Amino acid sequence: MKWLVIVILILCCTGMIWNYFCKKSEMPKIEAAYGTAVKVDRKKMNVEIAGLQEEEAPVIVLLPGLGSPSPVLEFRPLAEELGKTYKVITVEPFGYGLSDPADTERSIENIVEELHTCLEEIGVHQYYLMAHSISGLYSLYYANTYQEAVRGFIGIDSSVPKQNENEPFNTTKLNLLMAYLSKVKNALGISRLLSVGNPEKAIYADQNYSYLQEDLEVFRILVLDTSYNKTVMNELEQVEKNLKIVQDMKFPEEVPVLNFVSEDNCEIFPEWEKLHRSVLGDNQENKVVMLKGGHYLHFEQKERI
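An account of the accompanying structure is given in this report. (Residues numbered from 1 in each chain as written. Predicted model: local features only at pLDDT ≥ 70, side-chain atom pairs only at ≥ 80, totals over all residues. Heavy atoms only, no water.)

1. As for the layout of surface pockets
Unfilled space is identified by rolling a water-sized probe across the atoms.
Here is step 1: The space that makes up the largest pocket amounts to roughly 1,400 Å³.
Here is step 2: If you trace the largest pocket, you find 45 residues lining it, with L66, N175, Y228, H295 and Y296 closest to the centre.
Here is step 3: Per element, the largest residue contribution to the lining of the largest pocket is 9 residues, and it comes from helix α5 (residues 171-187).
Here is step 4: Across the lining of the largest pocket, the residue classes tally to 23 nonpolar, 17 polar and 5 charged. (1 Å grid on protein atoms, 1.4 Å probe; cavity = no way out; pocket = protein on both sides within 12 Å on 5 of 7 lines; lining within 4 Å. Points joined across faces, edges and corners; volume = space filled by probe spheres on them. Helix = DSSP H or I, 4+ residues; strand = E, 2+ residues; numbered from the N terminus. Nonpolar A, V, L, I, M, F, W, Y, C, P; charged D, E, K, R; others polar.)

2. Concerning the pairing of strand β2 (residues 43-51)
Taken residue by residue, a regular strand's side chains alternate between the two faces of the sheet.
Here is step 1: Inspection of the sheet shows strand β1 (residues 36-40) paired to β2 by 5 bridges, in the antiparallel sense. In the strand pairing of β2, T36 is matched with V47.
Here is step 2: Count of turn residues in the β1/β2 antiparallel hairpin: 2 residues, of which D41 carries a positive phi of about 55°.
Here is step 3: In the sheet, β2 pairs with strand β4 (residues 87-92) via 6 bridges, with the strands oriented antiparallel. The residue bridging E48 from the neighbouring strand is T90, located in β4. (Pairing = 2+ DSSP bridges.)

3. What to know about empty space enclosed by the protein
Here is step 1: A complete count under the given rule lists 3 cavities of 30 Å³ or more for this structure.
Here is step 2: Empty space within the largest cavity amounts to approximately 60 Å³.
Here is step 3: Its residues placed into classes, the lining of the largest cavity shows 6 nonpolar, 1 polar and 2 charged.

4. Some words on the environment of N46
Here is step 1: Positionally, N46 belongs in strand β2.
Here is step 2: Taking the C-alpha atoms as reference, N46 lies 24 Å from E148; in sequence the two are 102 residues apart.
Here is step 3: Sequence-distant contacts of N46, defined by excluding residues within four places in its chain, comprise Y34, G35, T36, A37, V72, T90, V91, E92, L98 and S99. (Contact = heavy atoms within 4.5 Å.)

5. Thoughts on the state of the cysteines
The term disulfide refers to a covalent linkage connecting the sulfur atoms of a pair of cysteines.
Here is step 1: Enumeration over the complete set of coordinates arrives at 0 disulfides.
Here is step 2: Of the cysteine sulfurs around C12, a residue in no disulfide, the closest is that of C13, at 6.9 Å. (Disulfide = S-S within 2.5 Å.)

6. So, helix α4 (residues 135-145)
Here is step 1: Most of α4 sits out of view: 9 of its 11 residues are buried.
Here is step 2: Residues of α4 that are buried make contact with β3 (59-63), α3 (108-121), β5 (127-132), β6 (150-156), α8 (230-237) and α9 (239-245). (Buried < 20%, exposed > 50% of the residue type's maximum accessible area, 1.4 Å probe, protein only.)

7. Looking at the packing of α5 against α8
Here is step 1: With their axes 10 Å apart at the nearest point, α5 and α8 run at an angle of 160° to one another. For the element pair α5 / α8, the angle class is roughly antiparallel. Both α5 and α8 take part in a crossing whose hand is left-handed. Contacts between α5 and α8 pair T172, N175, L176, A179, Y180 and K183 from the former with M233, L236 and E237 from the latter.
Here is step 2: Split by residue class, the contact of α5 with α8 holds 5 nonpolar, 2 polar and 2 charged. (Axes fitted to C-alpha atoms, helices over the stretch in contact; angles between N-to-C directions. Parallel < 35°, antiparallel > 145°, perpendicular 65-115°, else oblique. Left-handed = near helix turned anticlockwise from the far one by under 90°.)

8. Let's talk about a positive patch on the surface
Here is step 1: Among the surface-exposed residues, K23, K24, K183 and K230 lie close enough to one another that they form a single positively charged patch.
Here is step 2: By the secondary structure assignment, K24 is in helix α1 (residues 2-26).
Here is step 3: Judged by relative accessible area, which is 53%, K24 ranks as exposed. (Patch = residues over 30% accessible without salt bridge, like charges linked within 9 Å, V, L, I, M, F, W, Y side chains within 5 Å. Areas by Shrake-Rupley, 256 points an atom, 1.4 Å probe, with all protein chains shown as cover. Salt bridge = Lys/Arg side-chain N within 4 Å of Asp/Glu carboxyl O. Lys, Arg positive; Asp, Glu negative; His and termini not counted. Charge placed at Lys NZ, Arg CZ, Asp CG, Glu CD.)

Following this line, the structure appears as structure tokens:
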């Protein structure tokens, strides 16, 4: 047993040292790999602008789910589809993708203020917010805070107020546990070892989209070297507090809502559809559309969306 423990400790130390030096050598490869850096509070927030470039083109702003290693690369297949009709801006909030880490708490107020500042900096003043998962909460707060800027909201199985009151299990604690397990796997070099020669094994992305090899490599590096950083972990810890802030909010009547909801999640969580209907304001254009598939509907149903 003693020798077994020693061998395990040696393997763990070897994996950590290997992972450390790999990280040191890889990080320079992803500097300015995609997108444009925007100054927000003296820090860099990364965005990518795709699709129609005419000034009068309608704008969709894509916002990621919690902990997305690279929102730009994750959303690129959807952005290309939407780009046939819209100007599409994918924002990587602080702590995500190529953006800088944040100095402030990941409260819903700070996150929304930073996003708004970023969009103002690039000269975009009217847009549709299109949000996956946790960004649905931020979009709800955003629409109530900057109503004049939001032409509408599109949810991709987005998070909703009071979801934590009726969940069959505590997803916040589960997400924290999974995040820490992922950090341990990365630190020990396990994830890196599994992805040797095949970067697609390290990432979760649209399997039907043909990524360039260099994009897959950037995606892999971000997953292994920057995911679940301090900023994202702080955001995870703030989820319950942020849910309380929007607990009784609905979208303003002036903001039409199109909510795409996962049928798979409705089977797991019977209140899921009802909660998505409960955030709708009184706008006659509001719709809830059920789609076959799991939480990542932008992979499985991007043509329909």
